[in-house]
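# Close look at the chain arrangement
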Amino acid sequence: MTVSVVVPGSFDPVTLGHLDIVRRACARFDRVVVAVLENPNKQGLFSVDERLELIRAVAGDVPNLEVDRFEGLLVDFCNARGIGIICKGLRAVSDFEYELQMAQMNHRIGGVETVFMSTSPEHSYLSSSLVKEVARFGGPLDGTVPPAVADALRERLG
Ligand code: PNS
């Protein structure tokens, strides 16, 4: 049996924390689809095309990894693609409450299961928002995002 999972998110931009979860998911599951949310109500720093391009640039070497976009409900994307499991990273207990609600809702409305992976401790403080804030003020980005993403952030934010 082939086990497929989706790793969903905004990925604006992808961080080393995201990549840690994606690579570990790729080592455990047969097929991993990273799905970037296309949210018409929220303008990101990077367009969805740019986010996809960055993910492909830094993780495109992984053979069982696919990168795609979705809009609307995640469970609709999962069911259309024959994916029964959502894989999420948990950084801290504070993530858990909302993640649990989403997992229960996604099971209720779409019959899709959620598995949680604990973020590696060295990445547990990372978020795309914080990385953007550091980049906006010219702070160092090493250890937070891959070099290609750091370059893209510097280019976008000056
Ligand atoms: O990286 P993020 O922004 O924390 O990711 C959140 C994401 C994209 C996983 C979540 O917002 C989502 O699944 N949105 C799609 C809409 C949806 O299905 N909402 C119902 C979830 S219960």
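Residues numbered from 1 in each chain as written. Predicted model: local features only at pLDDT ≥ 70, side-chain atom pairs only at ≥ 80, totals over all residues. Heavy atoms only, no water.

Moving on, we come to the overall build of the protein chain. A count of helical and extended segments in the protein chain gives 6 helices and 5 strands. Taken from N to C terminus, the helices and strands of the protein chain fall in the order β-α-β-α-β-α-β-α-β-α-α. Relative to its length of 158 residues, the protein chain is compact, with a C-alpha radius of gyration of 15 Å against a globular reference of 15 Å. Expressed as lengths along the three principal axes of its C-alpha atoms, the size of the protein chain is roughly 45 × 35 × 30 Å. When the 158 residues of the protein chain are sorted by exposure, 46% land in the buried category. For the protein chain, the share of sequence-separated contacts (at least 6 apart) that also reach a separation of at least 24 residues comes to 74%. Working note: accessible area of the protein chain is about 8700 Å², and carbon and sulfur atoms make up 52% of it. The distance from the centre of the 16 positive side-chain charges to the centre of the 21 negative ones in the protein chain is 1 Å. (Helix = DSSP H or I, 4+ residues; strand = E, 2+ residues; numbered from the N terminus. Rg over C-alpha atoms; globule rule 2.2 N^0.38 Å. Buried < 20%, exposed > 50% of the residue type's maximum accessible area, 1.4 Å probe, protein only. Contact = heavy atoms within 4.5 Å. Areas by Shrake-Rupley, 256 points an atom, 1.4 Å probe, with all protein chains shown as cover. Lys, Arg positive; Asp, Glu negative; His and termini not counted. Charge placed at Lys NZ, Arg CZ, Asp CG, Glu CD.)

Attention now goes to the packing of aromatic side chains. For any pair of aromatic rings, the description rests on two quantities: the centre-to-centre distance and the angle between the ring planes. By the definition in use, this model includes 2 aromatic pairs. Centre to centre, the rings of Phe70 and Phe77 are 5.7 Å apart; their planes meet at 40°, and the pair counts as tilted. Of the two residues, Phe70 and Phe77, both sit in the buried class. Between Phe96 and Phe116, the aromatic rings sit 6.1 Å apart at their centres with planes inclined by 65°, giving edge-to-face as the arrangement. Here Phe96, found in helix α4 (residues 93-110), pairs with Phe116, found in strand β5 (residues 113-118); they are 20 residues apart in sequence, far enough to count as distant. (Phe/Tyr/Trp six-rings, centres within 6.5 Å; stacked < 30°, edge-to-face > 60°.)

Ranked by size, the top nonpolar core spans 35 residues in total, and within it Val7, Val32, Leu65 and Leu153 carry the most contacts. For this core, the leading source of residues is helix α2 (residues 48-59), giving 6 residues. Those residues in contact with Val32 that sit more than four places away from it in its chain are Val5, Val7, Ala25, Cys26, Asn64, Leu65 and Glu66. Core analysis: the second largest hydrophobic core is formed by 11 residues, Val33, Ala35, Val75 and Cys78 among them. (Core = buried A, V, L, I, M, F, W, Y, C linked by side-chain atoms within 4.5 Å.)

Quick look at the sheet that holds strand β1 (residues 4-9) now. With respect to topology, 5 strands assemble into an open sheet ordered β3-β2-β1-β4-β5, the strand pairing being parallel. Every interior strand has two partners, whereas the edge strands, β3 (65-70) and β5, have only one. The average angle at which neighbouring strand axes cross in this sheet is 30°, direction not considered. Strands β1, β2 (31-37), β3, β4 (85-90) and β5 of the sheet are contacted by helix α1 (residues 16-28), whose axis makes an angle of about 115° with β5. (Pairing = 2+ DSSP bridges. Axes fitted to C-alpha atoms, helices over the stretch in contact; angles between N-to-C directions.)

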